[in-house]
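Fold and geometry: a report
What follows is each chain in one-letter form.
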Amino acid sequence: NLPPTSPSAQATDEERRERSSMALFAGVGVQFAVTILLSLALGNWLDKKFGTGVFIYLAVFVGAAIAFYSMYRQLMANLEREEAAKRARKAGGNSASRGPQ
């Protein structure tokens, strides 16, 4: 084991970004599953209340659509943040490499 003060034991910016992205993706998956399960429960409750069998299908379909839309928005926002950070790093690297003017 490396001591905690060792430079190689500390996470780099790239490693922190990767962990952040992994946590985001895990959160998106959990949110997706919870949305589907809640819509399933709602549809089941409506079917029992009204004595039908159609609400469960409708609720799961609408829940899946909402979950996919939410997942899409979150992933696109994350992609845009990563691209903006990449552009900022590239712009910062270009001005530093030119030296004083």
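To start, this report covers the structure provided alongside it.

Definitions and cut-offs
- Residues numbered from 1 in each chain as written.
- Predicted model: local features only at pLDDT ≥ 70, side-chain atom pairs only at ≥ 80, totals over all residues.
- Heavy atoms only, no water.
- Helix = DSSP H or I, 4+ residues; strand = E, 2+ residues; numbered from the N terminus.
- Buried < 20%, exposed > 50% of the residue type's maximum accessible area, 1.4 Å probe, protein only.
- Contact = heavy atoms within 4.5 Å.
- Areas by Shrake-Rupley, 256 points an atom, 1.4 Å probe, with all protein chains shown as cover.
- Salt bridge = Lys/Arg side-chain N within 4 Å of Asp/Glu carboxyl O.
- Phe/Tyr/Trp six-rings, centres within 6.5 Å; stacked < 30°, edge-to-face > 60°.
- Patch = residues over 30% accessible without salt bridge, like charges linked within 9 Å, V, L, I, M, F, W, Y side chains within 5 Å.
- Expected span 1.5 Å × (residues − 1).

A word on the overall build of the protein chain. In terms of regular secondary structure, the protein chain is built from two helices and zero strands. When the 101 residues of the protein chain are sorted by exposure, 14% land in the buried category. Considering only contacts in the protein chain between residues 6 or more positions apart, those separated by 24 or more positions represent 55%. Accessible surface computed for the protein chain: about 7900 Å², of which carbon and sulfur atoms make up 66%.

Before going further, it helps to examine the side chain of Asn78. Mapped onto the elements of the fold, Asn78 is located in helix 2 (residues 55–98). Ignoring anything within four residues of it in the chain, the contact list for Asn78 reads Ser21, Leu24 and Phe25.

Where charged atoms from two side chains of opposite charge approach closely, those side chains can pair. Throughout the structure, instances matching the rule amount to two salt bridges. A salt bridge links Arg87 to Glu80; the nearest nitrogen and oxygen atoms lie 3.2 Å apart. Since its relative accessible area comes to 48%, Arg87 is described here as partly exposed. Of the charged contacts in the structure, one is a salt bridge between Lys86 and Glu83, with a shortest N-O distance of 3.9 Å. With a gap of three residues between them, Lys86 and Glu83 both fall in helix 2, about one helical turn apart. Among the residues examined, Glu83 registers a relative accessible area of 32% and is labelled partly exposed.

Further remarks concern the packing of aromatic side chains. The full count for this structure, using the stated rule, is two aromatic pairs. Aromatic side chains Phe32 and Phe68 sit 5.0 Å apart centroid to centroid with 70° between the ring planes, which places their arrangement in the edge-to-face category. Pair noted here: Phe32 is in helix 1 (residues 13–50) and Phe68 is in helix 2, with a separation of 36 residues, a long-range link. Residue classification places Phe32 among the partly exposed residues on the basis of a relative accessible area of 24%. Between the aromatic rings of Phe50 and Phe55, the centroid separation amounts to 5.7 Å while the plane-to-plane angle is 45°, which identifies the pairing as tilted. Overall, Phe55 belongs to the partly exposed group, its relative accessible area being 25%.

We now examine a nonpolar patch on the surface. A cluster of nonpolar residues, Leu58, Phe61, Val62 and Ile66, forms a patch on the protein surface that exposes about 410 Å² of accessible area. Residue position: Leu58 is located in helix 2.

Once that is clear, we can look at helix 1. Counted at 1.5 Å a residue, the expected span for helix 1 with its 38 residues is 56 Å, and the 55 Å between its end C-alpha atoms agrees. Burial in helix 1 covers these residues: Ser21, Val28, Ser39, Gly43, Leu46 and Asp47. Trailing helix 1 by a residue or two, Gly51 shows a phi angle of about 65°, which is positive.

Honestly, that's just the spatial picture; any functional story needs more than this.
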